[in-house]
Amino acid sequence: MGEQEAEIGTESGEQPRQEAGCPPAHEPVWSPHVSSTLLARYYLPRRHQVLQGNGCQLLRDGVEAYPAMLAAIRGARRYIHLETYMFITDAVGELFGEALAEAAERGVHVQVLYDALGSWTSRRGFFEALRARGVDIRPFKPFSSLNRGLRHLLRRDHRKILAVDGEVAFIGGVNISAHWAPEGQGSAWRDDVLRVEGPAVYELERRFVATWRLAFQDRFRSWREARRRRRQAARQRRGEVSLAVLSSRRSIHLAYLHAIARARRSVLVAAAYFIPDRKLVAALREAAQRGVEVSLLLNAKSDHPWLVHATRAFYEKLLTAGVRIFEWERCVLHAKTAVVDGVWGTIGSFNLERRSLLFNHEVNAVFADPGLGRRLEESFRGDCRSCHEVDLEKFRRRPLWQKLFERVLYAFRKVL
């Protein structure tokens with residue numbers, strides 16, 4: 001846990017649990033002289049396009065992500081692209097709305113895409129007021145399109161992307177909502193965001209443009225302009241991180257499986273919603289059985305409570321193979337991150353459950369970099385110090401009704 005969260009726990013009388021059982025840190029697997037290009041080729045499937053020369057900063061929770069995002073919006077000179085599943089009209093939504101409107105009023109081209117289902121509680125008048133001030137804000141698949149069938153309704157835009165001026169972008173699990181505001185101002189949900197500079201910014205912008213065109217058939221720019229921007233982005237080196245931007249659900253799933261199969265030392269996964277398919281369960285079990293440390297950080301309580309019980313239906317199969325499971329109890333864990341060997345990592349919107357794999361529009365950044373990987377690993381291990389570790393023998397002694405309830409939800413896992 002970070003210093004701020006540790007202080008919150010102290011004030012509320014909660015003491016970190018299971019500190020002694022926290023997964024131990026390990027010596028680096030790779031020499032510091034190994035290039036990030038070689039690491040990317042080892043941990044990422046060859047079909048994934050790797051972009052070199054990116055500068056990346058890991059941001060924890062809304063307390064770090066929101067100020068950085070607002071600073072980028074307020075500093076915008078040409079355009080802003082914001083894509084989010086939830087744009088809620090609460091204090092955080094009002095703050096972002098005002099920043100976006102002020103940018104539009106000073107001549108910045110502001111385009112915002114929010115998911116109609118994820119933002120269904122928001123006030124329509126709020127979005128109309130932003131449009132009146134020059135913000136081009138539109139819902140993805142509004143409820144007026146229900147006549148196109150259930151499958152159309154199920155395909156939601158679950159991405160969280162903010163891109164500004166082709167210079168900086170943000171990707172992660174944080175939406176525009178007070179759920180991610182600090183404790184005392186909001187629900188203090190636990191999440192991760194990656195701030196990106198360099199060639200990958202263009203690729204994140206391209207995902208936004210593709211979704212916008214898919215939804216509204218609007219033409220953004222000519223192919224010549226797109227080619228010019230791609231070439232310009234390729235020359236903008238801002239760091240040493242090798243990174244791939246993945247928006248295909250299958251490619252993100254494959255990236256997880258490939259990295260876990262290649263793990264030498266550790267596989268650390270933080271998952272907000274964890275209802276894995278057979279391939280992922282098998283990959284985690286096989287890694288643990290060959291001596292790799294496999295640790296999962298999962299919710300003890302969730303904004304979707306039934307998913308917690310469905311997730312626990314997988315526990316015994318994983319625990320018996322040597323996988324360690326830590327349950328986050330302080331608030332809602334919303335992160336969708338993983339780090340392998342302290343080198344490979346991923347941050348984005350993709351959940352390890354069926355809706356993300358089969359229906360949602362998702363995007364993840366997948367990187368290979370020892371520095372960024374170490375920071376993500378340290379963050380994970382710090383979180384585990386405030387978790388309850390699940391003990392196999394105690395877990396087997398849970399009430400019969402709970403076991404039956406888990407089995408019922410497990411039977412419906414493909415539709416949860």
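Structure's up top.
These notes cover the structure that comes with them. All values reported here derive from a predicted model rather than from experimental measurement. (Residues numbered from 1 in each chain as written. Predicted model: local features only at pLDDT ≥ 70, side-chain atom pairs only at ≥ 80, totals over all residues. Heavy atoms only, no water.)

## Digging into the overall build of the chain
Move 1: For the chain, the helix and strand inventory stands at 16 helices and 15 strands.
Move 2: Sorting the 416 residues of the chain into buried and exposed places 59% on the buried side.
Move 3: Contacts spanning at least 24 positions in sequence make up 82% of the contacts within the chain whose residues lie at least 6 apart.
Move 4: When the accessible surface of the chain is summed, it comes to about 18200 Å², and 51% of that surface belongs to carbon and sulfur atoms. (Helix = DSSP H or I, 4+ residues; strand = E, 2+ residues; numbered from the N terminus. Buried < 20%, exposed > 50% of the residue type's maximum accessible area, 1.4 Å probe, protein only. Contact = heavy atoms within 4.5 Å. Areas by Shrake-Rupley, 256 points an atom, 1.4 Å probe, with all protein chains shown as cover.)

## Quick notes on the pairing of strand β7 (residues 192–197)
Move 1: Pairing of strand β1 (residues 51–60) with β7 involves 6 bridges; the strand directions are antiparallel. Within the sheet, the bridge partner assigned to Cys56 lies in β7 and is Val196.
Move 2: Bridge count between strand β6 (residues 168–172) and β7: 4 bridges; the pairing is antiparallel. Among the inter-strand pairings, Ile171 is bridged to a residue of β7, identified as Leu194. (Pairing = 2+ DSSP bridges.)

## Considerations on the packing of aromatic side chains
Move 1: In this structure the tally under the stated criterion is 14 aromatic pairs.
Move 2: With centroids separated by 4.8 Å and ring planes inclined at 85 degrees, the aromatic side chains of Tyr42 and Tyr43 adopt a geometry described as edge-to-face.
Move 3: When its relative accessible area of 0% is taken as the criterion, Tyr43 is described as buried.
Move 4: Ring plane angle 85 degrees and centroid distance 5.9 Å describe the contact between Phe87 and Phe127, whose orientation is recorded as edge-to-face. On the criterion of sequence distance, the pair formed by Phe87 in the loop between β2 (79–84) and α4 (91–105) and Phe127 in helix α5 (residues 124–132) is long-range, its members being 40 residues apart.
Move 5: On the basis of relative accessibility, which here comes to 4%, the residue Phe127 falls in the buried class.
Move 6: Here the aromatic cluster, defined as three or more aromatic residues joined through ring pairs, consists of Phe87, Tyr114, Phe126 and Phe127.
Move 7: Here the guanidinium or amino end of Arg262 rests over the ring plane of Tyr42, the centre of that ring lying 4.8 Å away.
Move 8: The positively charged end of Arg398 is found above the aromatic ring belonging to Phe395, 3.8 Å away from the centroid. (Phe/Tyr/Trp six-rings, centres within 6.5 Å; stacked < 30°, edge-to-face > 60°. Lys NZ or Arg CZ within 6 Å of the ring centre and 35° of its normal.)

## Re the environment of Pro23
Move 1: Along the polypeptide, Pro23 turns up in the loop between α1 (3–11) and α2 (36–43).
Move 2: Among the residues examined, Pro23 registers a relative accessible area of 3% and is labelled buried.
Move 3: Sequence spacing of Pro23 and Phe380 is 357 residues, and the spatial spacing of their C-alpha atoms is 9.3 Å.
Move 4: When near neighbours in sequence (up to four residues on either side) are disregarded, Pro23 contacts Glu293, Ser295, Arg324, Phe326, Arg381 and Cys384.

## Section: unusual backbone geometry
What you tend to see is this: most non-glycine residues have negative phi, and most peptide bonds are trans.
Move 1: Despite not being glycine, Asp61 has its phi angle at roughly 65 degrees, a positive value.
Move 2: Relative to the elements of secondary structure, Asp61 occurs in helix α3 (residues 61–74).

## As for helix α7 (residues 200–216)
The periodicity of an α-helix, 3.6 residues per turn, causes residues three or four positions apart to be oriented the same way.
Move 1: For α7, spanning 17 residues, the distance from its first C-alpha to its last is 25 Å, which sits close to the expected 24 Å at 1.5 Å a residue.
Move 2: Within the span of α7, buried status applies to Ala200, Val201, Tyr202, Glu203, Leu204, Glu205, Arg207, Phe208, Val209, Thr211 and Trp212.
Move 3: Downstream of α7 by a residue or two, Gln217 has a phi angle that is positive, lying close to 60 degrees. (Expected span 1.5 Å × (residues − 1).)

## Looking at a positive patch on the surface
Move 1: The grouping of Arg278, Lys317, Arg407 and Lys414 at the surface amounts to a positive patch.
Move 2: Relative to the helices and strands, Lys317 resides in helix α12 (residues 315–319). (Patch = residues over 30% accessible without salt bridge, like charges linked within 9 Å, V, L, I, M, F, W, Y side chains within 5 Å. Salt bridge = Lys/Arg side-chain N within 4 Å of Asp/Glu carboxyl O. Lys, Arg positive; Asp, Glu negative; His and termini not counted. Charge placed at Lys NZ, Arg CZ, Asp CG, Glu CD.)

## With respect to the packing of helix α9 (residues 249–262) against helix α10 (residues 278–289)
Move 1: Axis separation between α9 and α10 bottoms out at 9 Å; the angle between their running directions is 15 degrees. As judged from the angle between their axes, α9 and α10 are roughly parallel. Seen along the crossing, α9 lies across α10 with a hand that is left-handed. Counting all contacts with α9, which are made through His253, Leu257 and Ile260, the residues of α10 involved are Lys279, Leu280, Ala283, Leu284 and Ala287.
Move 2: Taken together, the residues of the contact of α9 with α10 break down into 6 nonpolar, 1 polar and 1 charged. (Axes fitted to C-alpha atoms, helices over the stretch in contact; angles between N-to-C directions. Parallel < 35°, antiparallel > 145°, perpendicular 65-115°, else oblique. Left-handed = near helix turned anticlockwise from the far one by under 90°. Nonpolar A, V, L, I, M, F, W, Y, C, P; charged D, E, K, R; others polar.)

## Structural notes on the nonpolar core
Move 1: Counting residues in each nonpolar core, the largest one holds 55 residues, and the members touching the most others are Val267, Phe274, Leu284, Leu296, Leu318, Ile325 and Trp344.
Move 2: Apart from residues no more than four positions distant in its own chain, Trp344 is found in contact with Tyr43, Leu44, Ala255, Tyr256, Ala259, Ala338, Val339, Val366, Phe367 and Ala368.
Move 3: Formed by 43 residues, the second largest nonpolar core is a distinct cluster that contains Ala65, Ala76, Tyr85 and Phe170. (Core = buried A, V, L, I, M, F, W, Y, C linked by side-chain atoms within 4.5 Å.)

## Topic: the packing of helix α11 (residues 305–312) against helix α16 (residues 400–411)
To characterise two packed helices, one gives the angle between the axes of the helices and the distance between these axes.
Move 1: Orientation of α11 relative to α16, taken along the N-to-C sense of each, is 95 degrees, at an axis distance of 8 Å. By the angle class used here, α11 and α16 are roughly perpendicular. Facing Trp306, His309, Ala310 and Arg312 of α11, the residues of α16 in contact are Gln402, Phe405, Glu406 and Leu409.
Move 2: Of the residues in the contact of α11 with α16, the class split is 4 nonpolar, 2 polar and 2 charged.

## Observations regarding the pattern of salt bridges
Move 1: For the structure on display, the rule yields 22 salt bridges.
Move 2: Across the pair Asp383 and Arg60 runs a salt bridge whose closest N-O atoms are separated by 3.2 Å. Residue Asp383 is located in helix α14 (residues 370–384), and its partner Arg60 is located in strand β1; the two are separated by 323 residues in the primary sequence.
Move 3: Looking at Arg60, the relative accessible area reads 14%, which means it is buried.

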